[in-house]
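# Residue-level structural notes
What follows is the residue order along each chain.
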Amino acid sequence: MAPALLADYLSGRLILITGGYGHLGRAIVAGLLAYGATVVVLGRDPERFTQTFAALPPTAKLYFQACDIASTPSVRKALRTCREQYGLLQVFINNAVYSTGQQPDALTDEQFAHGLDGSVGSAYRCLREVLPYLRENQGGKIINVASMYGLVAPDFAAYGQHPQFLNPPHYGAAKAAVIQLTKYFASYLGPENILVNCVSPGAFPSADVQEEAGFVAELRRRSPLGRIGRPQDLAGAFVFLSAAASDFVTGHNLVVDGGWTIR
C-alpha cells in the first residue's frame, strides 16, 4: 500500500472497543483513529473518556457509549444504541478487564470467580451479544485482549521486593482462557466470515508502576529488547487485525511482548 493511502487504511470501518480510555486502550484508540477508523469507546466513565481524549481535534471520529461489561443488559443496550446511532460495526475489541485480590494463595472464592469473570466471562458476554450485528453485516472481526501471562507463569524473581505488582493466578488463568476462547470461536464462526483473533501484550507498566525504578529495571533485564513496552507499541497489532490486510488471519494470538515469552 502506498504511504499516501495509509491514513485511509481503516476508512469506513466502525470499531467498538471496551476499556478504550485506559493505559493501553488509549494508544489502541489513537492508532485506529490515525488510520481512518470511526471508533466508539464503551465504558462506564464519560468524564474520564473526555479527559483522556481532550487533545484530539474535533474532527476525530471518536465517540463514547455508556456500557458496563459486567452486565448483560448493559452490553445489549450499548450495542443496540451503537447500531442505531452509527450503523453496523465491522470490528469489536474486547479490551476492558476487572479483578480483585492479589495474594496467590489467599484468594477467596468470590475473588477468584470475580477475576475470571472480569477477563474471560466479560469477553464471552460481549462476544455473544455482538454476534447478531456481525451476522447482520455478513461478517466482521472480533479482537480479544489476553496477556503474556496467559502463556507463561510470572517470573517471581522479577517481583522480589515488589509483590504488589504480581499478576495473581486468576488473571493468568483467565487470560489463558481468553486465548482458547479466541481459537474456539475462530473455528466456530469462520464459515460465517467472522474472524476472531487475540493480542497478548507483554510488560507495559503504567506510569504509576514506572515510578518503581527497581521493578522496571527487572522488567527491562528480562526482555530481549532491553526495554519495557510503550503503549504505542501495541497500536499496529490492532490496526493490522482490524484491517482488510488480515482477512485471512483468524484464531491467531499475536504476542506483543518484546520477546519476553521466547525464552
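Above: the structure in question.
The present account deals with the structure reproduced in this document.

Cut-offs and rules
- Residues numbered from 1 in each chain as written.
- Predicted model: local features only at pLDDT ≥ 70, side-chain atom pairs only at ≥ 80, totals over all residues.
- Heavy atoms only, no water.
- Helix = DSSP H or I, 4+ residues; strand = E, 2+ residues; numbered from the N terminus.
- Expected span 1.5 Å × (residues − 1).
- Bend = angle between axes of the 7 residues up to and from the residue.
- Buried < 20%, exposed > 50% of the residue type's maximum accessible area, 1.4 Å probe, protein only.
- Pairing = 2+ DSSP bridges.
- Contact = heavy atoms within 4.5 Å.
- Core = buried A, V, L, I, M, F, W, Y, C linked by side-chain atoms within 4.5 Å.
- Lys, Arg positive; Asp, Glu negative; His and termini not counted.
- Salt bridge = Lys/Arg side-chain N within 4 Å of Asp/Glu carboxyl O.

Attention shifts here to helix α4 (residues 109-136). For α4, built from 28 residues, the straight-helix expectation of 40 Å at 1.5 Å per residue is met to within 8% by its first-to-last C-alpha distance of 39 Å. Taken as a whole, α4 carries its principal kink of about 45° at Asp117. Gln138 lies just past α4 and shows a positive phi near 60°.

Within strand β1 (residues 14-18), five of the five residues are buried, leaving the element largely enclosed by the surrounding structure. The side-chain alternation of β1 yields two buried faces, one formed by Leu14, Leu16 and Thr18 and the other by Ile15 and Ile17. In the sheet, β1 pairs with strand β2 (residues 38-43) via five bridges, with the strands oriented parallel. When the bridges of β2 are listed, Ile15 appears paired with Val39. Two strands pair when backbone bridges link them, and β1 and strand β4 (residues 91-94) are joined in this way by three bridges, in the parallel orientation. Bridging across to β4, Leu16 finds its partner in Phe92.

Let us look at helix α9 (residues 232-242). Regarding α9, the residues found buried are Leu234, Ala235, Ala237, Phe238, Val239, Leu241 and Ser242. Residues of α9 that are buried make contact with β1, α1 (25-34), β4, β5 (140-145), β6 (194-201) and β7 (253-256).

Okay, the nonpolar core next. The biggest cluster of nonpolar side chains holds 34 residues, and the ones touching the most others in it are Leu16, Leu42, Leu79, Leu89, Phe92 and Ile142. Of all the secondary-structure elements, those providing two or more residues to this core are β1, β2, α3 (72-86), α4, α6 (169-189) and β6. The biggest single contributor to this core is α4, with eight residues. In terms of nonpolar packing, the next biggest core, distinct from the first, is built from 28 residues, Ile15, Leu32, Phe49 and Ile143 among them.

Once that is clear, we can look at the side chain of Lys175. Looking at the element boundaries, Lys175 is found in helix α6. No salt bridge forms around the buried Lys175; measuring N to O, its nearest opposite-charge neighbour Asp117 is 12 Å away. Not counting residues within four places of it along the chain, the set of residues in contact with Lys175 comprises Val97, Ser119, Val145, Ala146, Ser147 and Gly150.

The next subject is the pattern of salt bridges. Evaluation of the coordinates by the stated rule reveals 11 salt bridges. One salt bridge in this structure joins Arg227 and Asp233, with 2.9 Å as the shortest N-O distance. By relative accessible area, which is 30% here, Arg227 ends up partly exposed. For Asp233, a relative accessible area of 27% translates into the label partly exposed. A salt bridge links Asp233 to Arg230, with the shortest nitrogen-to-oxygen separation between them at 3.5 Å. A single salt-bridge network, built from bridges that share partners, covers Asp155, Glu218, Arg221 and Arg222.

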